[in-house]
Amino acid sequence: MKLTDNVLRSFRVAKVFRENSDKINCFDFSPNGETVISSSDDDSIVLYDCQEGKPKRTLYSKKYGVDLIRYTHAANTVVYSSNKIDDTIRYLSLHDNKYIRYFPGHSKRVVALSMSPVDDTFISGSLDKTIRLWDLRSPNCQGLMHLQGKPVCSFDPEGLIFAAGVNSEMVKLYDLRSFDKGPFATFKMQYDRTCEWTGLKFSNDGKLILISTNGGFLRLIDAFKGAVLHTFGGYNNSKAVTLEASFTPDSQFIMIGSEDGKIHVWNGESGMKVAVLDGKHTGPITCLQFNPKFMTFASACSNMVRTQVHPFQPKGQTPYFW
(Lines give C-alpha, C1' and ligand atoms only; values in the text may rest on other atoms or scores of the structure.)
Protein backbone atom coordinates (compact mmCIF):
# COMPACT_ATOMS: atom_id res chain seq x y z
CA MET A 1 0.00 0.00 0.00
CA LYS A 2 1.30 3.44 -0.93
CA LEU A 3 1.18 6.24 1.60
CA THR A 4 -1.12 9.08 0.53
CA ASP A 5 -2.82 11.96 2.33
CA ASN A 6 -5.98 9.86 2.71
CA VAL A 7 -4.12 6.78 3.93
CA LEU A 8 -2.39 8.84 6.61
CA ARG A 9 -5.71 10.31 7.70
CA SER A 10 -7.07 6.76 8.14
CA PHE A 11 -4.51 5.69 10.76
CA ARG A 12 -6.04 4.67 14.09
CA VAL A 13 -4.64 3.53 17.42
CA ALA A 14 -4.33 -0.26 17.40
CA LYS A 15 -2.72 -0.96 20.75
CA VAL A 16 -1.50 0.72 23.93
CA PHE A 17 1.30 -0.57 26.13
CA ARG A 18 1.60 0.59 29.72
CA GLU A 19 4.87 -1.09 30.61
CA ASN A 20 6.54 2.02 32.02
CA SER A 21 6.16 4.00 35.23
CA ASP A 22 7.96 7.08 33.83
CA LYS A 23 8.53 8.85 30.52
CA ILE A 24 9.75 6.84 27.52
CA ASN A 25 12.73 8.93 26.44
CA CYS A 26 13.55 7.08 23.20
CA PHE A 27 12.73 4.10 21.02
CA ASP A 28 14.12 2.57 17.85
CA PHE A 29 12.78 0.13 15.27
CA SER A 30 14.99 -2.75 14.15
CA PRO A 31 16.09 -2.39 10.49
CA ASN A 32 13.73 -5.24 9.47
CA GLY A 33 10.81 -3.56 11.25
CA GLU A 34 9.97 -6.67 13.27
CA THR A 35 10.81 -5.27 16.71
CA VAL A 36 10.98 -1.92 18.46
CA ILE A 37 13.02 -1.23 21.59
CA SER A 38 12.36 1.55 24.10
CA SER A 39 14.34 3.26 26.85
CA SER A 40 12.66 5.01 29.75
CA ASP A 41 13.40 7.32 32.66
CA ASP A 42 12.32 4.43 34.90
CA ASP A 43 15.64 2.75 33.86
CA SER A 44 13.92 0.03 31.83
CA ILE A 45 14.57 -1.27 28.31
CA VAL A 46 11.49 -2.90 26.77
CA LEU A 47 11.59 -4.99 23.59
CA TYR A 48 8.32 -5.22 21.61
CA ASP A 49 7.31 -7.64 18.87
CA CYS A 50 5.75 -5.52 16.11
CA GLN A 51 4.12 -8.46 14.31
CA GLU A 52 2.44 -9.95 17.37
CA GLY A 53 1.88 -6.54 18.91
CA LYS A 54 3.12 -7.33 22.41
CA PRO A 55 6.10 -6.77 24.69
CA LYS A 56 8.66 -9.59 24.53
CA ARG A 57 11.18 -8.73 27.20
CA THR A 58 12.16 -6.12 29.79
CA LEU A 59 15.73 -5.40 30.88
CA TYR A 60 16.98 -2.82 33.38
CA SER A 61 19.86 -0.36 33.56
CA LYS A 62 19.30 0.69 37.16
CA LYS A 63 22.86 1.74 37.88
CA TYR A 64 23.52 3.88 34.81
CA GLY A 65 20.05 4.78 33.56
CA VAL A 66 19.23 4.58 29.85
CA ASP A 67 18.54 7.11 27.10
CA LEU A 68 18.87 7.48 23.30
CA ILE A 69 18.74 3.74 22.65
CA ARG A 70 19.74 2.62 19.12
CA TYR A 71 19.87 -0.75 17.39
CA THR A 72 23.17 -1.71 15.83
CA HIS A 73 23.19 -3.86 12.68
CA ALA A 74 22.88 -7.01 14.73
CA ALA A 75 19.25 -7.43 15.82
CA ASN A 76 20.25 -8.47 19.32
CA THR A 77 22.59 -5.61 20.27
CA VAL A 78 22.02 -1.94 21.09
CA VAL A 79 23.98 1.14 22.09
CA TYR A 80 22.61 3.74 24.48
CA SER A 81 23.66 6.76 26.48
CA SER A 82 23.59 6.95 30.25
CA ASN A 83 21.66 9.46 32.33
CA LYS A 84 23.06 8.49 35.73
CA ILE A 85 26.59 8.34 37.24
CA ASP A 86 28.50 9.29 34.06
CA ASP A 87 28.06 10.08 30.36
CA THR A 88 29.56 6.88 28.98
CA ILE A 89 27.86 5.20 26.01
CA ARG A 90 27.19 1.49 26.51
CA TYR A 91 27.03 -1.39 24.04
CA LEU A 92 24.66 -4.09 25.26
CA SER A 93 23.90 -7.64 24.14
CA LEU A 94 20.15 -8.22 24.51
CA HIS A 95 20.67 -11.96 24.17
CA ASP A 96 22.38 -12.38 27.54
CA ASN A 97 21.93 -8.87 28.99
CA LYS A 98 25.68 -8.24 29.19
CA TYR A 99 27.74 -5.24 28.21
CA ILE A 100 30.03 -5.84 25.26
CA ARG A 101 31.91 -2.54 25.46
CA TYR A 102 31.93 0.93 27.04
CA PHE A 103 32.63 4.16 25.16
CA PRO A 104 33.86 6.78 27.65
CA GLY A 105 34.83 10.30 26.64
CA HIS A 106 31.94 12.73 26.94
CA SER A 107 32.01 14.88 30.08
CA LYS A 108 28.37 16.04 29.89
CA ARG A 109 25.05 14.50 28.89
CA VAL A 110 24.86 12.92 25.44
CA VAL A 111 22.03 14.56 23.47
CA ALA A 112 22.47 12.95 20.04
CA LEU A 113 23.34 9.41 18.97
CA SER A 114 23.27 8.12 15.39
CA MET A 115 24.26 4.71 14.07
CA SER A 116 25.76 4.46 10.59
CA PRO A 117 23.30 2.76 8.22
CA VAL A 118 26.09 0.76 6.56
CA ASP A 119 28.72 -0.28 9.13
CA ASP A 120 29.76 -0.31 12.80
CA THR A 121 30.45 3.42 12.99
CA PHE A 122 28.32 5.71 15.14
CA ILE A 123 28.44 9.35 16.19
CA SER A 124 27.45 11.08 19.41
CA GLY A 125 26.89 14.70 20.32
CA SER A 126 27.05 16.06 23.86
CA LEU A 127 26.40 19.14 25.97
CA ASP A 128 30.20 19.20 26.38
CA LYS A 129 30.10 20.83 22.88
CA THR A 130 31.76 17.93 21.10
CA ILE A 131 30.83 15.37 18.49
CA ARG A 132 32.64 12.06 18.74
CA LEU A 133 33.04 9.38 16.10
CA TRP A 134 33.15 5.76 17.31
CA ASP A 135 33.54 2.21 16.04
CA LEU A 136 31.67 -0.56 17.88
CA ARG A 137 34.81 -2.70 17.80
CA SER A 138 36.94 -0.24 19.81
CA PRO A 139 36.36 1.61 23.09
CA ASN A 140 38.54 4.47 21.85
CA CYS A 141 37.08 7.53 20.18
CA GLN A 142 37.93 7.48 16.45
CA GLY A 143 37.43 11.19 15.90
CA LEU A 144 36.64 14.32 17.91
CA MET A 145 35.18 17.67 16.89
CA HIS A 146 35.00 20.68 19.19
CA LEU A 147 32.07 22.95 18.46
CA GLN A 148 30.80 26.33 19.63
CA GLY A 149 27.59 25.05 21.15
CA LYS A 150 25.20 22.17 21.76
CA PRO A 151 25.23 19.81 18.74
CA VAL A 152 22.62 17.66 17.08
CA CYS A 153 23.90 15.19 14.49
CA SER A 154 22.93 12.37 12.16
CA PHE A 155 24.27 10.17 9.37
CA ASP A 156 22.91 10.41 5.85
CA PRO A 157 21.16 7.23 4.53
CA GLU A 158 24.28 6.07 2.64
CA GLY A 159 26.60 6.46 5.63
CA LEU A 160 29.05 8.60 3.65
CA ILE A 161 28.43 11.94 5.30
CA PHE A 162 27.01 13.22 8.54
CA ALA A 163 25.33 16.49 9.38
CA ALA A 164 25.87 18.51 12.55
CA GLY A 165 23.51 21.21 13.71
CA VAL A 166 25.42 23.72 15.82
CA ASN A 167 24.21 26.55 18.06
CA SER A 168 20.69 26.20 16.66
CA GLU A 169 21.69 28.25 13.63
CA MET A 170 24.10 26.28 11.40
CA VAL A 171 24.08 22.92 9.63
CA LYS A 172 27.54 21.61 8.74
CA LEU A 173 28.06 18.63 6.43
CA TYR A 174 31.13 16.43 6.89
CA ASP A 175 32.61 13.71 4.73
CA LEU A 176 33.20 10.71 6.99
CA ARG A 177 36.54 9.93 5.30
CA SER A 178 37.93 13.44 5.81
CA PHE A 179 35.91 15.02 8.60
CA ASP A 180 39.10 16.25 10.28
CA LYS A 181 39.50 18.71 7.39
CA GLY A 182 36.29 20.44 8.47
CA PRO A 183 32.86 20.65 6.85
CA PHE A 184 32.54 20.60 3.06
CA ALA A 185 29.33 22.62 3.29
CA THR A 186 27.84 24.99 5.88
CA PHE A 187 24.25 26.25 5.81
CA LYS A 188 23.41 29.21 8.02
CA MET A 189 19.81 29.48 9.19
CA GLN A 190 17.94 32.38 10.67
CA TYR A 191 18.53 32.23 14.42
CA ASP A 192 15.44 32.06 16.62
CA ARG A 193 16.22 32.97 20.23
CA THR A 194 12.88 31.58 21.46
CA CYS A 195 13.94 27.95 21.03
CA GLU A 196 16.83 25.59 20.35
CA TRP A 197 17.35 22.72 17.95
CA THR A 198 16.71 19.31 19.49
CA GLY A 199 17.07 16.92 16.54
CA LEU A 200 18.26 16.52 12.99
CA LYS A 201 17.32 13.74 10.54
CA PHE A 202 17.89 12.94 6.88
CA SER A 203 15.08 11.63 4.71
CA ASN A 204 15.60 8.10 3.36
CA ASP A 205 16.20 9.45 -0.15
CA GLY A 206 18.96 11.72 1.22
CA LYS A 207 17.48 14.86 -0.32
CA LEU A 208 16.01 16.48 2.78
CA ILE A 209 17.05 17.36 6.32
CA LEU A 210 14.46 17.81 9.06
CA ILE A 211 15.37 20.07 11.98
CA SER A 212 13.23 19.75 15.11
CA THR A 213 13.15 22.35 17.88
CA ASN A 214 11.78 22.68 21.39
CA GLY A 215 9.56 25.49 20.12
CA GLY A 216 6.40 25.24 18.05
CA PHE A 217 7.92 24.64 14.62
CA LEU A 218 10.04 22.33 12.45
CA ARG A 219 12.23 23.23 9.48
CA LEU A 220 12.62 21.19 6.32
CA ILE A 221 15.74 22.05 4.32
CA ASP A 222 17.29 20.96 1.04
CA ALA A 223 20.20 18.64 1.95
CA PHE A 224 22.29 19.83 -1.02
CA LYS A 225 21.70 23.58 -1.04
CA GLY A 226 20.61 24.30 2.52
CA ALA A 227 17.56 26.28 1.43
CA VAL A 228 14.60 26.21 3.82
CA LEU A 229 11.80 24.50 1.89
CA HIS A 230 9.09 24.61 4.54
CA THR A 231 8.52 25.63 8.14
CA PHE A 232 5.86 23.51 9.85
CA GLY A 233 3.94 24.78 12.87
CA GLY A 234 0.50 24.82 14.42
CA TYR A 235 1.10 22.16 17.09
CA ASN A 236 1.24 22.66 20.86
CA ASN A 237 4.58 22.83 22.64
CA SER A 238 4.24 25.63 25.18
CA LYS A 239 6.58 24.00 27.73
CA ALA A 240 9.59 23.70 25.40
CA VAL A 241 9.55 19.90 25.46
CA THR A 242 11.87 17.91 23.19
CA LEU A 243 9.46 16.33 20.70
CA GLU A 244 10.77 13.84 18.14
CA ALA A 245 9.87 14.52 14.51
CA SER A 246 10.22 11.89 11.77
CA PHE A 247 9.92 11.26 8.07
CA THR A 248 7.78 8.46 6.70
CA PRO A 249 9.97 5.79 5.02
CA ASP A 250 9.07 7.07 1.52
CA SER A 251 10.42 10.55 2.47
CA GLN A 252 7.10 12.13 1.46
CA PHE A 253 5.58 13.05 4.83
CA ILE A 254 6.75 14.62 8.09
CA MET A 255 5.22 13.79 11.48
CA ILE A 256 5.49 15.14 15.01
CA GLY A 257 3.62 14.66 18.26
CA SER A 258 2.53 17.48 20.54
CA GLU A 259 2.04 18.19 24.22
CA ASP A 260 -1.72 17.58 23.94
CA GLY A 261 -1.39 14.00 22.65
CA LYS A 262 -2.10 14.82 18.99
CA ILE A 263 0.05 13.82 16.00
CA HIS A 264 0.45 16.31 13.15
CA VAL A 265 1.35 15.20 9.62
CA TRP A 266 2.50 17.36 6.69
CA ASN A 267 3.11 16.67 3.02
CA GLY A 268 6.80 17.43 2.51
CA GLU A 269 6.39 18.54 -1.09
CA SER A 270 3.41 20.88 -0.75
CA GLY A 271 4.07 21.87 2.87
CA MET A 272 0.37 21.39 3.63
CA LYS A 273 -0.85 19.76 6.84
CA VAL A 274 -2.71 16.59 5.79
CA ALA A 275 -3.74 15.03 9.10
CA VAL A 276 -4.07 15.57 12.84
CA LEU A 277 -4.40 12.19 14.57
CA ASP A 278 -5.56 11.62 18.14
CA GLY A 279 -2.83 9.64 19.87
CA LYS A 280 -4.86 9.23 23.08
CA HIS A 281 -1.73 10.03 25.05
CA THR A 282 -1.90 11.33 28.60
CA GLY A 283 1.17 13.55 28.21
CA PRO A 284 3.43 15.10 25.55
CA ILE A 285 4.38 12.73 22.71
CA THR A 286 8.14 12.83 23.07
CA CYS A 287 8.93 9.94 20.70
CA LEU A 288 7.49 9.22 17.24
CA GLN A 289 8.78 6.97 14.45
CA PHE A 290 7.34 5.17 11.45
CA ASN A 291 8.14 1.47 11.04
CA PRO A 292 10.77 1.14 8.26
CA LYS A 293 9.08 -1.91 6.67
CA PHE A 294 5.43 -2.13 7.75
CA MET A 295 2.43 0.19 7.62
CA THR A 296 2.53 1.07 11.31
CA PHE A 297 4.13 3.73 13.45
CA ALA A 298 4.77 4.11 17.16
CA SER A 299 4.44 7.07 19.50
CA ALA A 300 5.26 7.39 23.17
CA CYS A 301 4.78 9.47 26.30
CA SER A 302 4.93 7.27 29.38
CA ASN A 303 2.83 4.81 27.33
CA MET A 304 3.86 3.23 24.03
CA VAL A 305 1.25 3.41 21.28
CA ARG A 306 1.08 1.46 18.04
CA THR A 307 -0.98 2.87 15.20
CA GLN A 308 -1.85 1.41 11.86
CA VAL A 309 -4.08 1.93 8.85
CA HIS A 310 -7.68 1.57 9.94
CA PRO A 311 -8.71 -1.29 7.59
CA PHE A 312 -6.00 -3.51 9.09
CA GLN A 313 -6.74 -2.78 12.74
CA PRO A 314 -6.86 -6.03 14.72
CA LYS A 315 -10.27 -6.71 16.18
CA GLY A 316 -10.85 -6.79 19.89
CA GLN A 317 -7.64 -5.01 20.85
CA THR A 318 -7.69 -2.07 23.21
CA PRO A 319 -6.38 1.19 21.79
CA TYR A 320 -2.70 1.85 21.21
CA PHE A 321 0.46 0.93 18.93
CA TRP A 322 -0.50 2.64 15.62
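None of the values given here were measured: they were computed from a predicted structure.

**Thoughts on the pairing of strand S7 (residues 77-81)**
Then comes step 1: Here S7 lies mainly inside the structure; five of its five residues are buried.
Then comes step 2: Of the two faces of S7, both are covered, the one formed by Thr77, Val79 and Ser81 as well as the one formed by Val78 and Tyr80.
Then comes step 3: As judged from the three bridges shared by strand S6 (residues 67-71) and S7, these two strands associate in the antiparallel manner. Following the sheet pairing, Tyr71 is matched in S7 by Val78.
Then comes step 4: Turn length for the S6-S7 hairpin, with the two strands adjacent in sequence and antiparallel, is five residues.

**Re the packing of aromatic side chains**
Then comes step 1: All told, the structure shown has 17 aromatic pairs when counted by the stated rule.
Then comes step 2: Ring geometry for Phe27 versus Phe29: centroids 6.2 Å apart, planes at 85°, classification edge-to-face.
Then comes step 3: A residue is classified by how much of its surface remains accessible, and Phe29, at 6% relative accessible area, is buried.
Then comes step 4: Arg90 extends its terminal NZ or CZ atom over the ring of Tyr64, reaching a point 3.3 Å from the ring centre.

**Concerning the sheet that holds strand S10 (residues 110-115)**
Then comes step 1: The sheet built from four strands is open, its strands ordered S10-S11-S12-S13 with antiparallel pairing. The sheet terminates laterally at S10 and strand S13 (138-146), the two strands that pair on one side only. Neighbour-to-neighbour, the strand axes of the sheet open up by a mean angle of 20°, direction not taken into account.

**Topic: the UniProt feature "repeat: WD" (unreviewed entry) in the protein chain**
Then comes step 1: Mapped onto the present numbering, the UniProt feature "repeat: WD" (unreviewed entry) falls on residues 17-58, 103-138 and 235-276.
Then comes step 2: As annotated, residues 17-58 has a helix share of 0% and a strand share of 57%, and its two end C-alpha atoms lie 13 Å apart.
Then comes step 3: The distance from the first to the last C-alpha atom of residues 235-276 is 9 Å, and the span holds 0% helix and 43% strand.

**Here's the deal with the pattern of salt bridges**
Then comes step 1: In the structure shown here, the tally under the stated rule is nine salt bridges.
Then comes step 2: A salt bridge links Arg90 to Asp86; its shortest N-O distance comes to 3.3 Å.
Then comes step 3: Classification of Arg90 by relative accessible area gives buried; the value is 3%.
Then comes step 4: The class for Asp86 is partly exposed, based on a relative accessible area of 26%.
Then comes step 5: With a shortest N-O distance of 3.1 Å, Lys188 and Glu169 are connected by a salt bridge. On the criterion of sequence distance, the pair formed by Lys188 in strand S17 (residues 185-188) and Glu169 in the loop between strand S15 (161-166) and strand S16 (170-175) is long-range, its members being 19 residues apart.
Then comes step 6: Overall, Lys188 belongs to the exposed group, its relative accessible area being 59%.
Then comes step 7: Note on Glu169: relative accessible area 18%, which makes it buried.

**Considering the sheet that holds strand S21 (residues 228-233)**
Then comes step 1: The strand order across the open sheet formed by four strands is S18-S19-S20-S21, and the pairing between neighbours is antiparallel. Lying at the two open borders of the sheet, with one neighbouring strand each, are strand S18 (197-202) and S21. Looking at each pair of strands side by side, their axes are set apart by 20° on average, direction ignored.
Then comes step 2: With five bridges connecting them, strand S19 (residues 208-213) and strand S20 (residues 217-222) associate as antiparallel partners. Paired with Leu208 across the strands is Asp222, a residue of S20.

**Considering the nonpolar core**
One broad trend across soluble globular proteins is that nonpolar side chains are buried collectively.
Then comes step 1: Membership of the largest hydrophobic core comes to 16 residues, with the highest contact counts inside it found for Leu3, Phe11, Ile263, Val265, Phe290 and Phe297.
Then comes step 2: Residue assignment for this core shows that the elements contributing at least two residues are helix H1 (5-9), strand S23 (253-257), strand S24 (262-267), strand S25 (273-278) and strand S26 (287-290).
Then comes step 3: Residues within four places of Phe290 in sequence aside, it is in contact with Leu3, Leu8, Phe11, Phe29, Phe247, Thr248, Pro249, Met255, Met295, Thr296 and Phe297.
Then comes step 4: With 15 residues, the next largest nonpolar core counts Val152, Leu173, Phe187 and Ile221 among its residues.

**Brief notes about the environment of Val78**
Then comes step 1: Examined against the element boundaries, Val78 turns out to sit in strand S7.
Then comes step 2: A relative accessible area of 0% means that Val78 is categorised as buried.
Then comes step 3: Val78 has contacts with Ile37, Ile69, Arg70, Tyr71, Thr72, Arg90, Tyr91, Leu92 and Leu94, leaving out every residue within four places of it along the chain.

**Side note on the pairing of strand S12 (residues 130-135)**
Then comes step 1: Within S12, six of the six residues are buried, leaving the element largely enclosed by the surrounding structure.
Then comes step 2: Residues Thr130, Arg132 and Trp134 line one face of S12 and the alternating positions Ile131, Leu133 and Asp135 line the opposite face, and both faces are buried.
Then comes step 3: Where strand S11 (residues 121-126) meets S12, five bridges bridge the pair, whose relative direction is antiparallel. For Thr121, the partnering residue across the bridge sits in S12 and is Asp135.
Then comes step 4: Counting the residues between successive antiparallel strands, the hairpin from S11 to S12 contains three residues, one of them, Lys129, with a positive phi of roughly 65°.
Then comes step 5: Here S12 runs beside S13; their pairing, made up of five bridges, is antiparallel. By the bridge assignment for S13, Arg132 is matched with Leu144.
Then comes step 6: Turn length for the S12-S13 hairpin, with the two strands adjacent in sequence and antiparallel, is two residues.

Each value, and the rule that gives it
Residues numbered from 1 in each chain as written. Predicted model: local features only at pLDDT ≥ 70, side-chain atom pairs only at ≥ 80, totals over all residues. Heavy atoms only, no water. Buried < 20%, exposed > 50% of the residue type's maximum accessible area, 1.4 Å probe, protein only. Helix = DSSP H or I, 4+ residues; strand = E, 2+ residues; numbered from the N terminus. Pairing = 2+ DSSP bridges. Phe/Tyr/Trp six-rings, centres within 6.5 Å; stacked < 30°, edge-to-face > 60°. Lys NZ or Arg CZ within 6 Å of the ring centre and 35° of its normal. Axes fitted to C-alpha atoms, helices over the stretch in contact; angles between N-to-C directions. UniProt positions renumbered as here; feature names shortened; annotations may be inferred. Salt bridge = Lys/Arg side-chain N within 4 Å of Asp/Glu carboxyl O. Core = buried A, V, L, I, M, F, W, Y, C linked by side-chain atoms within 4.5 Å. Contact = heavy atoms within 4.5 Å.

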